[in-house]
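Chains, contacts and geometry: an overview
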Amino acid sequence: MTINHHPREEMLLDYVSGALGEAWSIAIATHLSVCPQCRRVASGLETLAGSVLKELSDEVVEPSTLDSVLSRLEEGERRTNRMELDSLEVVCLPKPLRDYTGGDLDTVRWKRLGPVAHQVVVCAESDGTVARLLRIPAGKPVPEHSHGGDEITLVLRGAFEDHLGLYERGDMQSVDASITHRPYAVPGEDCICLAVTDAPLQFRSMTARLLQPVVGI
Amino acid sequence: MRCDLKSRTVRNEAMDIGSSRPSELLSEHKYAVGAVSRVARQGRVSKSQGVKAFKPERERLFAASMPMSTESTEDYLVLIATKRDRGAFKKLFAAFAPKIKSFAMRNGVGPELAEEVVQETFIRVWRKAEQFDPGKASASTWLYTIARNQRIDLLRKRHRPEPDFEDPAFVPEPEPQPSDVISRSEEALRLRQCMESLSPEQQEVLKLSFMEELPHVEVAERLGIPLGTVKSRIRLAMKHIRSEIGDIR
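Residues numbered from 1 in each chain as written. Chains lettered and ligands numbered in written order. Predicted model: local features only at pLDDT ≥ 70, side-chain atom pairs only at ≥ 80, totals over all residues.

Before going further, it helps to spend a moment on the overall build of chain B. Helix and strand counts for chain B stand at ten helices and zero strands. For chain B, the α and β elements follow one another from N to C terminus as α-α-α-α-α-α-α-α-α-α. A buried classification covers 34% of the 249 residues belonging to chain B. Contacts in chain B between residues far apart in sequence, at least 24 positions, make up 58% of those at least 6 positions apart. (Helix = DSSP H or I, 4+ residues; strand = E, 2+ residues; numbered from the N terminus. Buried ≥ 20, exposed ≤ 12 C-beta atoms within 10 Å, placed from the backbone. Contact = placed C-beta atoms within 7 Å.)

Another aspect to go through is the overall build of chain A. Each helix and strand counted, chain A has six helices and twelve strands in total. Relative to its full complement of 217 residues, chain A shows a buried share of 40%. Pairs at least 24 residues apart make up 67% of the contacts formed inside chain A by residues separated by at least 6 positions.

Another aspect to go through is the nonpolar core. Ranked by size, the top nonpolar core spans 98 residues in total, and within it Cys 193 and Leu 194 of chain A together with Leu 143 of chain B carry the most contacts. With ten residues, the single largest contributor to this core is helix H4 (residues 86-105) of chain B. Beyond its immediate chain neighbours, meaning those up to four positions away, Leu 143 of chain B contacts Leu 53 of chain A together with Phe 96, Ile 100 and Val 125 of chain B. (Core = buried A, V, L, I, M, F, W, Y, C linked by C-beta atoms within 7 Å.)

Let us now look at the environment of Ser 178 of chain A. Residue and element names in this part refer to chain A. You can see Ser 178 is positioned in the loop between strand S8 (172-175) and strand S9 (180-181). Since 7 C-beta atoms lie within 10 Å of it, Ser 178 is described here as exposed. Sequence-wise, Ser 178 and Thr 2 are 176 residues apart; in three dimensions their C-alpha atoms are separated by 28 Å.

For the rest of this paragraph, the subject is the interface of chain A and chain B. With 57 residues of chain A at the interface, the matching set in chain B holds 62 residues. For the side of chain A that touches chain B, the secondary-structure elements that each account for two or more residues are helix H1 (9-17), helix H2 (22-34), helix H3 (36-55), helix H4 (63-72) and helix H5 (95-101) of chain A. The element best represented in the side of chain A that touches chain B is H3 of chain A, accounting for 16 residues. The residue inventory of the side of chain A that touches chain B, partitioned by class, reads 26 nonpolar, 14 polar and 17 charged. (Nonpolar A, V, L, I, M, F, W, Y, C, P; charged D, E, K, R; others polar.)

Next up on the list: the packing of H3 of chain A against helix H8 (residues 200-212) of chain B. Relative to each other, H3 of chain A and H8 of chain B sit at 80 degrees, their axes nearing to 10 Å. Comparing the axis directions of H3 of chain A and H8 of chain B gives the class roughly perpendicular. The residues of H8 of chain B that touch H3 of chain A, namely those facing Leu 48, Ala 49 and Val 52 of chain A, are Leu 206, Lys 207, Phe 210 and Met 211 of chain B. (Axes fitted to C-alpha atoms, helices over the stretch in contact; angles between N-to-C directions. Parallel < 35°, antiparallel > 145°, perpendicular 65-115°, else oblique.)

Here we take up helix H5 (residues 111-128) of chain B. Helix length check: H5 of chain B, at 18 residues, gives a terminal C-alpha distance of 25 Å against a target of 26 Å (1.5 Å per residue), a fit within 8%. Among the residues of H5 of chain B, Ala 114, Glu 115, Val 117, Val 118, Gln 119, Glu 120, Thr 121, Phe 122, Val 125 and Trp 126 of chain B are the ones counted as buried. (Expected span 1.5 Å × (residues − 1).)

On to the sheet that holds S8 of chain A. Sheets are built from strands paired through backbone hydrogen bonds, the pairs being either parallel or antiparallel. Residue and element names in this part refer to chain A. The six strands lie next to each other as S1-S2-S3-S11-S5-S8, forming an open sheet whose pairing is antiparallel. Every interior strand has two partners, whereas the edge strands, strand S1 (111-113) and S8, have only one. Adjacent strand axes in the sheet meet at a mean angle of 30 degrees when their direction is disregarded. Summarising the sheet, strand S3 (residues 130-136) and strand S11 (residues 191-197) pair through seven bridges and their orientation is antiparallel. The partner of Ala 131 across the bridge, within S11, is Val 196. (Pairing = 2+ DSSP bridges.)

Residue and element names in this part refer to chain A. Of all the seven residues making up strand S5 (residues 151-157), six are buried; the element is thus mostly covered by neighbouring parts of the structure. With four bridges connecting them, S5 and S8 associate as antiparallel partners. Opposite Ile 152, over in S8, you have Ser 174 as the bridge partner. Where S5 meets S11, six bridges bridge the pair, whose relative direction is antiparallel. Residue pairing for S11: Arg 157 is matched across the bridge by Ile 192.

Here we take up the packing of H8 of chain B against helix H9 (residues 216-223) of chain B. Residues and elements named next belong to chain B. Packing of H8 against H9 brings their axes to within 10 Å, and their N-to-C directions diverge by 120 degrees. As judged from the angle between their axes, H8 and H9 are oblique. At the point where H8 passes H9, the crossing takes the right-handed sense. Residues Val 205, Leu 208 and Ser 209 of H8 touch H9, and the partners they reach there are His 216, Val 219 and Arg 222. (Left-handed = near helix turned anticlockwise from the far one by under 90°.)

Once that is clear, we can look at unusual backbone geometry. Residue and element names in this part refer to chain B. The backbone phi angle of Arg 84 is positive, close to 50 degrees, even though this residue is not glycine. Of note, Arg 84 is situated in the loop between helix H3 (47-83) and H4. If you check the backbone angles, Lys 157 has positive phi at about 50 degrees while not being a glycine.

It is worth spelling out the confidence of the model for chain B at this point. All names here are of chain B. Across chain B, the average pLDDT comes to 75, with 66% of residues at or above 70. Within the model, pLDDT remains below 50 along residues 1-71, and this stretch shows 53 contacts once partners closer than five positions in the same chain are excluded. Here the predicted complex carries an ipTM of 0.88, next to a pTM of 0.80. (pLDDT = per-residue confidence, 0-100.)

Next comes the structure, spelled out in structure tokens:
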């Protein structure tokens, strides 16, 4: 699997620093699960952060803090059973995403989105940022739309294409308010992707606009 | 002579773990010497006497400790992982807890909550020590990732999504070739020195980002510079990192 489209540099930095919001972080962590190349860049950033940490001036720590830590060392040494899936099983949704959906694709409860597509909200933040899984039937288009803000789309199965390029499993598309596009799912297999937006989409067609409050995107 | 006692304890512990390397003795000695100078400054010991008595010892130790000090923190983590060594744990705490408290306070929290971040970080250090791989990360890098997650957990009260290498969907790195293995350790070393080779402007952006957990948009506001300038500084810094790890995009 070759990944050709990666997260933007500044979003990767915000993820590493912890400043990135939760919904965006799900998409980045999911991409990192399948992209060793970006994981190396992220750990490069962590190395730099570690060297900054080492140079920080010291703050005096209360002696009681070490005592509390020492008294608690044995308490939590229970082994947690982390394996919720057979490691030989082929799964579509990487762990950072399964933590939100509760399982792999077969457990997802899709809801209708417009005449052809389906969606399920994975994480909705108080500032309006939403992460959702989308399922676009093979060969079908998403109505032409622009964005009130930023949008990232990570492909998990199948592929989609628009004037910006072809996006396959692991590829991430990042667009902002200046972009209008008309992506369509590549024929052969339904396209399942994780889309994160910080503002509602703006559809060009009147029908799509009228449907928007009903379908909720 | 509290400091003498302390040094002796350290020496004994170092013997127990079967190491004759001097590095394990040094960090505590540094504190012991510091304590004597403090006593000297407070006038309980005449300054010239105190400093003079310790000077050759101090010089010897300091000269030796400079290049070795980072190495020993990795050793502490390995000892914690393999021997559940509380002595090594205490030394790691002495070296890093004050920095982690400082880190926790950088995004504006008070000392009480910062102490809590320190506590939770070190509990996890103890529990997760076996996941530490000295071939992959330095102790400070590994501690940074744990402290960062605890800061998010305790201060922002939210979950941090992270990849999991035991996940069946996880795509591992391609098997390294023998020649790569050597370059990986060199790469780690180069990355550690990478920060200094960035321009002061690039360093400033990264430091605000890492230490104060500022999103890049707020870094621009804080510095009073256009967002585009911050983005280009980030891209230049990342280009530098990519060239260190041989990732040309």
